[in-house]
Amino acid sequence: LGVETMGRLIADSRFPVVAIGGISLKNAAQVWAAGADSVAVISDIVNASDPAKRVSQYLALGQEFH
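All figures in this text were calculated on a predicted structure; none of them were measured in a lab.

**Comments concerning helix α4 (residues 51-63)**
- Look at α4: 19 Å from first C-alpha to last across 13 residues, which is about the 18 Å you get at 1.5 Å a residue.
- Of the residues making up α4, those classed as buried are Y58, L61 and G62. Down the axis of α4, the smallest arc covering the buried residues is 100 degrees, so these residues share one side. The exposed residues of α4 that point more than 90 degrees off its buried face are A52, K53, L59 and Q63.

**Quick notes on the packing of aromatic side chains**
- If you walk through the whole model with that rule in mind, you get one aromatic pair.
- Ring centres of W32 and F65 lie 6.0 Å apart, and the angle between their planes is 25 degrees; this geometry places the pair in the stacked category. With a gap of 33 residues between them, W32 in helix α2 (residues 28-33) and F65 in the segment after α4 connect regions that are remote in the sequence.

Each value, and the rule that gives it
- Residues numbered from 1 in each chain as written.
- Predicted model: local features only at pLDDT ≥ 70, side-chain atom pairs only at ≥ 80, totals over all residues.
- Heavy atoms only, no water.
- Helix = DSSP H or I, 4+ residues; strand = E, 2+ residues; numbered from the N terminus.
- Expected span 1.5 Å × (residues − 1).
- Buried < 20%, exposed > 50% of the residue type's maximum accessible area, 1.4 Å probe, protein only.
- Arc of directions from axis to C-beta.
- Phe/Tyr/Trp six-rings, centres within 6.5 Å; stacked < 30°, edge-to-face > 60°.

Nothing here speaks to function; it is geometry throughout.
Structure below.
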């Protein structure tokens, strides 16, 4: 859908929104800025050379939006 469309849909929703699919550190900030309450990430964490560090990076980034 893209981040812009997602933002419009989120604005019309009364429910919490979790973004799923294609999420990475490169676009997670845009997804949260568009209004997503949370992101679901698997590949970017599992494929990272240091998965624990990658999780920490997501947690730190998420704190900026919540």
